[in-house]
Amino acid sequence: MLDIKDKYLSGFKFIDLFAGIGGFHYALESYGAMCVYASEWDEYAKETYEKNFGIRPDGDITKVSEKDIPEHDILCGGFPCQAFSISGKQKGFEDTRGTLFFDIVRIVRYHKPKVVFLENVKNLITHDSGNTFRIILNTLSELGYNTYYKVLNTSDYGLPQNRERVYIVAFDTSLKIKNFDFPQPIGERVCLQSILELTPNAKIIERDDIVYTKQYEEEFETTLFGQQLVLPNRPIQIGKVGKGGQGERIYNILGHAITLSAYGGGVGSKTGLYQVGDVVRKLSTRECARCQGFPDSFIINPKEQQAYKQFGNSVSINVLQKIVGQIVQSLKCVSNE
């Protein structure tokens, strides 16, 4: 997580929908904004959120009236994407009924926050031949918002994890913000090795079918900078176990982690496998937290499988902070006009 000095959002209120374990909360709070409401259906995630922020999220948002949600300036959330009931009919708001995006829509329609800030898997853009995403954009437009989106990779923003997600930022048209620039990659070279624990509590893989390859020598261009080998800001596969399927690939810690997953199978399920010294192992839950930008003060759920699931479902805090920084710049420009 980045240390943010600019507290421009002090006085701004936000609500945290589909809150998970609080990635959006950290990002917005770091700029001074205050959370006035959170919602999350998973009981284990609610426990983790409450331990870290002192707020017990409401449960199922579909059962919460928009009238019972406090007034707010920013609505944020990483909403689940399930199939839209009549996707492709081009009916905008009506096409969202039966989906969780509908709950965002009804809250936005009632409260009209200044900013809507959403995150989702990058495949949302192409889901149902692009119809789902067009409905989302059209609906936000119908509600009176200028909307911008872009796919960003966590690897480009100071965290050693390959994670591509689509980010959506929408401004109330009354703000007259006609242009918005997503943050540029910071150009910082980082590697997984730099965030590993000295004594991790992580599963070590002891199998006879571990096979190493020279793939990283043959396919990855490396440069010797002084005495340090500089490798790309992406995962570098150097071996496998079994047939090398999902969760069976081994990666170099001088590269990046693969995308953390809430599910996924194989012996390296949810984190992937890494050659660390003389052992091949999964990442620990604390290492997963660091890959997502959570500070070491973050209280991890004591149930290990739930913790892995939570970090696999979470958002990357550094990326969110960079986007919030751009949102702040846009709001400052409007206030100075």
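Structure's up top.
Procedures and definitions
Residues numbered from 1 in each chain as written. Predicted model: local features only at pLDDT ≥ 70, side-chain atom pairs only at ≥ 80, totals over all residues. Heavy atoms only, no water. Helix = DSSP H or I, 4+ residues; strand = E, 2+ residues; numbered from the N terminus. Buried < 20%, exposed > 50% of the residue type's maximum accessible area, 1.4 Å probe, protein only. Core = buried A, V, L, I, M, F, W, Y, C linked by side-chain atoms within 4.5 Å. Contact = heavy atoms within 4.5 Å. Pairing = 2+ DSSP bridges. Disulfide = S-S within 2.5 Å. Axes fitted to C-alpha atoms, helices over the stretch in contact; angles between N-to-C directions. Phe/Tyr/Trp six-rings, centres within 6.5 Å; stacked < 30°, edge-to-face > 60°. Lys NZ or Arg CZ within 6 Å of the ring centre and 35° of its normal. Arc of directions from axis to C-beta. Polar contact = N/O pair within 3.5 Å; in protein donor to acceptor, adjacent residues only side chain to side chain. Salt bridge = Lys/Arg side-chain N within 4 Å of Asp/Glu carboxyl O.

### Section: the overall build of the protein
Item 1. A tally of helices and strands in the protein yields eight helices and 13 strands.
Item 2. By the burial criterion, 54% of the 337 residues in the protein qualify as buried.

### Comments concerning the nonpolar core
Item 1. Counting 59 residues, the largest nonpolar core has Leu9, Phe117 and Ile323 as its most contacted members.
Item 2. If one sorts the elements of this core by residue count, helix α8 (residues 317-336) sits on top with eight residues.
Item 3. The contact partners of Ile323, leaving out residues within four places of it in the chain, are Phe117, Leu152, Tyr167, Val169, Phe180, Phe182 and Pro183.

### So, the sheet that holds strand β10 (residues 237-240)
Item 1. Strands sit in the order β7-β10-β11-β12-β13 across an open sheet of five strands; the sheet is mixed. Bordering the open sheet on either side are β7 (211-212) and β13 (279-281), each of which pairs with just one other strand.
Item 2. Relative to strand β11 (residues 249-252), β10 runs antiparallel, the two being bridged by three bridges. Looking at β11, one finds that Gly239 is bridged to Ile250.

### Notes on the state of the cysteines
Item 1. Enumeration according to the criterion identifies zero disulfides in this entry.
Item 2. Not part of a disulfide, Cys35 finds its nearest cysteine sulfur in Cys76, a span of 7.3 Å.
Item 3. Judged by its relative accessible area of 0%, Cys76 falls in the buried class.

### Quick notes on the sheet that holds strand β6 (residues 164-172)
Whether parallel or antiparallel, the strands of a sheet pair through hydrogen bonds between backbone atoms.
Item 1. If you walk across this open sheet you meet the six strands as β2-β1-β3-β4-β6-β5, and the pairing is mixed. Looking at the sheet topology across the chains shown, the edges are occupied by β2 (34-38) and β5 (145-153). Across the sheet, the mean angle from the axis of one strand to that of its neighbour is 20°, orientation sign disregarded.
Item 2. Across four bridges, the pairing between strand β3 (residues 74-77) and strand β4 (residues 115-121) is parallel. By the bridge assignment, Leu75 is partnered in β4 with Val116.

### A look at the packing of aromatic side chains
Item 1. Using the criterion set out here, one finds 16 aromatic pairs in the structure.
Item 2. Residues Tyr8 and Phe12 carry aromatic rings whose centres are separated by 6.3 Å and whose planes lie at 40° to one another, so their mutual orientation is tilted.
Item 3. Tyr8 gets classed as partly exposed once you look at its relative accessible area, which sits at 26%.
Item 4. On the basis of relative accessibility, which here comes to 15%, the residue Phe12 falls in the buried class.
Item 5. The rings of Tyr26, Tyr49, Phe53, Phe294, Phe298 and Phe311 are connected pair by pair, giving a single aromatic cluster.
Item 6. Above the ring of Tyr308, the side-chain terminus of Lys282 is found at 4.6 Å from the ring centroid.

### Focus on helix α2 (residues 43-53)
Item 1. Every buried residue of α2 is accounted for by Ala45, Lys46, Thr48, Tyr49, Asn52 and Phe53. For α2, the angular spread of the buried residues around the axis is 165°, confining them to a single face.
Item 2. Tucked into the core, α2 has its buried residues touching β1 (13-17), α1 (23-29), β2 and α7 (304-313).
Item 3. You can read the cap of α2 off the contacts: a side-chain oxygen lies 3.1 Å from the backbone nitrogen of Tyr44, and it is on Asp42.

### Focus on the pattern of salt bridges
Item 1. The full count for this structure, using the stated rule, is 15 salt bridges.
Item 2. For Lys112, the salt bridge identified is with Asp172, shortest N-O distance 3.8 Å. Of this pair, Lys112 sits in the loop between α3 (100-111) and β4 while Asp172 sits in strand β6, and the two are 60 residues apart along the sequence.
Item 3. For Lys112, a relative accessible area of 34% gives the class partly exposed.
Item 4. Put simply, Arg281 and Glu287 hold a salt bridge, and the shortest N to O gap is 2.9 Å.
Item 5. Residues participating in the shared-partner salt-bridge network are Glu43, Lys46, Glu50 and Arg56.

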